[in-house]
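Now for the letters of each chain:
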Amino acid sequence: MADIAILDTRERVFAGILLTGAAYLLFSTQDASIKLLVTSMTVWQIMFFRSITILGACAVIGGRPLFADTVRSPIVRPMLVRSAFTLAAWLCYYNAARSLQLAELTTVYHAAPIIVTVLSVVLLGEKVPLLRWLAVLVGFAGVFVACDPAHLGLSVPVLLVLTAAFLWGIAIVLLRKTALAERSTIQLLLNNFYFLVFSAVPALLWWHTPDPAQLLLLASVGALGGLAQYLLFEGMKRTPASILAPLEYTSLLWAFALGFAIWGDVPRPEVFLGAALIVAAGLLIVGGEHFRKRL
């Protein structure tokens, strides 16, 4: 019986790794699709279409019982606050996408996990070991190198991405406190319902009628984003966060590959070096946590 339990645990962990890895691939592909769209329409309109697509899928899959369970969920109010921060991060991130390479955008944005470490002390009162503070410094050095003040400088797009990372860090801290206790479909429904409410008026005010190719891209953004969110939530439920954390950095690899495949972008050496430092910072945090738990 013990062997069966161990096998079941390993299978769950392996499933969680596969689900989370797939989620980050889908998120990166979604980002590439949005970067193609933001040159001709507002982020509000993209968010509006994305939310409608995901809510429609939730309605088909869950039906009326899902909506009834969502109304009674204890995370309705906490998700409103978290969605507001996520929305603000979205607006900053994808407006910056007009001016930056996908690799530059993703690399600078990966200040977010480091910011979460700092916010966990300020907002959650967590005690952070010395090794994790070292990782924070290495990570910030990576972001600084990737920004390359001589090339990008603290331009408006770079400041927008850094602001997005900060806002997303707050959203992640709030997620730790509430949302992981609820079903993935309810999280999806609430998050995208709030996005729909927030984006409806601005989307209609600055409406751009999409052509068939843009409609296809908008539908793909909704499908990719919804599936990626669901896979990420399911992966987190199956596998400890300390195991999943390094997988977030695979999105850097996907961003580099997609940027080259779609736009022919070849990132500057500083971006590669910055990405390496950021990955090293994340692995320092994970390795430190693993070593501390074994003691």
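It should be noted that the structure appears before, not after, this text.
Residues numbered from 1 in each chain as written. Predicted model: local features only at pLDDT ≥ 70, side-chain atom pairs only at ≥ 80, totals over all residues. Heavy atoms only, no water.

Student: Give a description of the overall build of the protein that names residues and reports values.
Tutor: Secondary structure summary: the protein contains 12 helices and zero strands in total. Counting helices and strands in the order they occur from the N terminus, the protein gives α-α-α-α-α-α-α-α-α-α-α-α. Put simply, the protein has 295 residues, and 48% of those count as buried. Residue pairs at least 24 apart in sequence account for 89% of intrachain contacts in the protein once pairs closer than 6 positions are excluded. With an accessible surface of roughly 14,300 Å², the protein has 73% of that area assigned to carbon and sulfur atoms. (Helix = DSSP H or I, 4+ residues; strand = E, 2+ residues; numbered from the N terminus. Buried < 20%, exposed > 50% of the residue type's maximum accessible area, 1.4 Å probe, protein only. Contact = heavy atoms within 4.5 Å. Areas by Shrake-Rupley, 256 points an atom, 1.4 Å probe, with all protein chains shown as cover.)

Student: I'd like a description of the pattern of salt bridges, backed by residues and values.
Tutor: Under the criterion given, the structure shown has four salt bridges. For R183, the salt bridge identified is with D69, shortest N-O distance 3.0 Å. In this pair, R183 is assigned in the loop between α7 (156-177) and α8 (184-205) and D69 in helix α2 (residues 43-71), connecting sequence segments 114 residues apart. Among the salt bridges present, the one from E270 reaches R268, with a minimum N-O distance of 3.4 Å. Judged by its relative accessible area of 30%, E270 falls in the partly exposed class. Each member of the salt-bridge network shares a partner with another, and the members are D69, R72 and R183. (Salt bridge = Lys/Arg side-chain N within 4 Å of Asp/Glu carboxyl O.)

Student: Before we move on, can you summarise the packing of α2 against α8 with the specific residues and values?
Tutor: The contact between α2 and α8 brings their axes to 7 Å, and the two run at 140°. Compared by their axis directions, α2 and α8 come out oblique. Here α2 runs over α8; the crossing is left-handed. Split into classes, the residues belonging to the contact of α2 with α8 amount to 20 nonpolar, six polar and two charged. (Axes fitted to C-alpha atoms, helices over the stretch in contact; angles between N-to-C directions. Parallel < 35°, antiparallel > 145°, perpendicular 65-115°, else oblique. Left-handed = near helix turned anticlockwise from the far one by under 90°. Nonpolar A, V, L, I, M, F, W, Y, C, P; charged D, E, K, R; others polar.)

Nothing here speaks to function; it is geometry throughout.
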